[in-house]
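Single-letter residue listing:
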Amino acid sequence: MIRETKLMIWDEASMSKKIAIEALNDLLKDLMDSIEIFGGKVVVFEGDFRQTLLVVRKGTKSEIISACLINSPIWDKLEKLNLIENMWPRLDPTIIEFLLKIGDGMI
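Once a new chain begins, its residue numbering starts again from 1 and follows that chain's sequence as written. At least 70 in pLDDT is required for a residue's local features to be given in this predicted model, at least 80 for side-chain atom pairs to be given and counted, and no such filter applies to totals for whole chains, interfaces and linings, which use all residues. Side-chain calculation: all heavy atoms of the structure are included, whereas hydrogens and water are not.

Caption draft 1: Quick peek at the packing of aromatic side chains. Two rings belonging to Phe, Tyr or Trp (six-membered ring only in the last case) form a pair when the distance between their centres is within 6.5 Å. Interplanar angles under 30 degrees mark stacking, angles over 60 mark edge-to-face geometry, and anything in between is tilted. Going through the model one piece at a time under the given rule, you end up with 2 aromatic pairs. Plain terms: the ring middles of Trp10 and Phe45 are 5.9 Å apart, the flat faces sit at 50° to each other, and that makes the pair tilted. Note that Trp10 is positioned in strand β1 (residues 7-10) and Phe45 in strand β2 (residues 42-45), a separation of 35 residues in sequence. Buried means the residue's accessible area, taken with a 1.4 Å probe over protein chains only, is under 20% of the maximum for its type, while exposed means over 50%, and partly exposed covers the values in between. The class of Trp10 is partly exposed, set by a relative accessible area of 23%. Judged by its relative accessible area of 18%, Phe45 falls in the buried class. Taken together through their ring pairs, the aromatic side chains of Trp10, Phe38 and Phe45 make up a single cluster. Here the basic side chain of Lys80 rests over the ring of Trp75, its NZ or CZ set 4.7 Å away from the ring centre. Only runs of H or I of at least four residues qualify as helices and only runs of E of at least two qualify as strands under DSSP, and these elements are numbered from the N terminus. Over a ring means this: the NZ of a Lys or the CZ of an Arg is within 6 Å of the ring centre and within 35 degrees of the ring normal.

Caption draft 2: Quick look at the layout of surface pockets. Estimates place the volume of the largest pocket at around 1,300 Å³. Lining the largest pocket are 32 residues, and of these Glu46, Gly47, Asp48, Leu81 and Leu83 lie nearest its centre. When residues of the lining of the largest pocket are traced back to their parent elements, those giving at least two are β2 and α3 (93-103). With 5 residues, the single largest contributor to the lining of the largest pocket is α3. Of the residues assigned to the lining of the largest pocket, the class counts are 18 nonpolar, 5 polar and 9 charged. Buriedness of a pocket was judged along seven lines, with at least five required to meet protein on both sides within 12 Å; pockets are open sets of points on a 1 Å grid over the protein atoms alone, cavities are sets where a 1.4 Å probe fits but cannot get out, and lining residues have an atom within 4 Å of a point. Grid points are joined across faces, edges and corners, and a volume is the space filled by probe spheres set on the points. Classes in brief: Ala, Val, Leu, Ile, Met, Phe, Trp, Tyr, Cys and Pro nonpolar; Asp, Glu, Lys and Arg charged; the others, Gly included, polar.

Below, the structure written as C-alpha coordinates:
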(Lines give C-alpha, C1' and ligand atoms only; values in the text may rest on other atoms or scores of the structure.)
Protein backbone atom coordinates (compact mmCIF):
# COMPACT_ATOMS: atom_id res chain seq x y z
CA MET A 1 0.00 0.00 0.00
CA ILE A 2 2.84 2.41 0.79
CA ARG A 3 4.43 1.82 -2.61
CA GLU A 4 1.15 2.83 -4.31
CA THR A 5 0.64 5.93 -2.15
CA LYS A 6 0.95 9.23 -3.99
CA LEU A 7 0.71 11.66 -1.06
CA MET A 8 1.45 11.46 2.67
CA ILE A 9 0.49 14.17 5.14
CA TRP A 10 2.17 14.50 8.54
CA ASP A 11 0.15 16.78 10.79
CA GLU A 12 1.93 18.77 13.53
CA ALA A 13 5.36 17.91 12.11
CA SER A 14 6.76 20.89 14.00
CA MET A 15 6.20 18.95 17.22
CA SER A 16 7.75 15.72 15.92
CA LYS A 17 11.32 14.73 16.60
CA LYS A 18 13.58 14.94 13.58
CA ILE A 19 14.67 11.33 14.11
CA ALA A 20 11.12 10.12 13.38
CA ILE A 21 10.95 12.07 10.12
CA GLU A 22 14.44 10.92 9.15
CA ALA A 23 13.31 7.34 9.83
CA LEU A 24 10.35 7.84 7.46
CA ASN A 25 12.78 9.14 4.84
CA ASP A 26 14.99 6.04 5.25
CA LEU A 27 11.99 3.70 5.17
CA LEU A 28 10.57 5.21 1.99
CA LYS A 29 13.97 5.18 0.28
CA ASP A 30 14.31 1.47 1.12
CA LEU A 31 10.76 0.57 0.08
CA MET A 32 10.95 2.48 -3.19
CA ASP A 33 14.56 1.41 -3.86
CA SER A 34 15.40 5.06 -4.49
CA ILE A 35 17.99 7.60 -3.41
CA GLU A 36 15.51 10.48 -3.76
CA ILE A 37 14.29 12.15 -0.59
CA PHE A 38 11.32 10.19 0.79
CA GLY A 39 11.79 7.70 -2.01
CA GLY A 40 10.32 10.19 -4.47
CA LYS A 41 6.99 10.34 -2.63
CA VAL A 42 5.22 13.63 -1.96
CA VAL A 43 5.19 14.18 1.78
CA VAL A 44 3.49 17.25 3.26
CA PHE A 45 4.60 18.29 6.73
CA GLU A 46 2.11 20.58 8.40
CA GLY A 47 2.71 22.58 11.52
CA ASP A 48 3.32 26.00 12.99
CA PHE A 49 6.99 26.28 13.87
CA ARG A 50 6.25 29.39 15.91
CA GLN A 51 4.22 27.38 18.40
CA THR A 52 5.31 25.07 21.21
CA LEU A 53 8.49 23.06 20.78
CA LEU A 54 8.41 19.29 20.90
CA VAL A 55 8.82 17.45 24.19
CA VAL A 56 12.17 15.93 25.14
CA ARG A 57 11.87 14.40 28.59
CA LYS A 58 14.38 15.95 30.98
CA GLY A 59 16.01 17.57 27.94
CA THR A 60 18.01 20.75 28.10
CA LYS A 61 17.15 23.71 25.90
CA SER A 62 19.88 22.75 23.44
CA GLU A 63 18.69 19.11 23.34
CA ILE A 64 15.14 20.21 22.57
CA ILE A 65 16.27 22.55 19.81
CA SER A 66 18.60 19.90 18.39
CA ALA A 67 15.72 17.38 18.18
CA CYS A 68 13.60 19.71 15.96
CA LEU A 69 13.03 19.05 12.27
CA ILE A 70 14.57 22.38 11.30
CA ASN A 71 17.91 21.05 12.57
CA SER A 72 17.81 17.96 10.36
CA PRO A 73 19.87 17.65 7.16
CA ILE A 74 16.52 16.94 5.47
CA TRP A 75 15.25 20.47 6.25
CA ASP A 76 17.30 22.17 3.53
CA LYS A 77 15.99 19.72 0.92
CA LEU A 78 12.32 20.52 1.64
CA GLU A 79 10.23 23.08 -0.21
CA LYS A 80 8.67 25.40 2.34
CA LEU A 81 5.32 27.10 1.84
CA ASN A 82 4.15 29.70 4.32
CA LEU A 83 0.44 30.09 4.78
CA ILE A 84 -0.41 33.43 6.34
CA GLU A 85 -4.20 33.60 6.44
CA ASN A 86 -5.80 31.94 9.44
CA MET A 87 -9.16 30.65 8.18
CA TRP A 88 -11.06 29.74 11.35
CA PRO A 89 -11.31 33.13 13.11
CA ARG A 90 -12.64 35.08 10.10
CA LEU A 91 -15.63 36.30 12.10
CA ASP A 92 -13.38 38.00 14.68
CA PRO A 93 -10.35 39.69 13.08
CA THR A 94 -8.97 40.73 16.48
CA ILE A 95 -8.23 37.07 17.27
CA ILE A 96 -6.05 36.86 14.15
CA GLU A 97 -3.93 39.81 15.27
CA PHE A 98 -3.72 38.40 18.79
CA LEU A 99 -2.57 34.95 17.60
CA LEU A 100 0.02 36.43 15.26
CA LYS A 101 1.42 38.62 18.05
CA ILE A 102 1.77 35.52 20.23
CA GLY A 103 3.45 33.63 17.38
CA ASP A 104 5.83 36.52 16.77
CA GLY A 105 6.74 36.63 20.48
CA MET A 106 5.26 40.09 21.00
CA ILE A 107 2.90 38.92 23.76
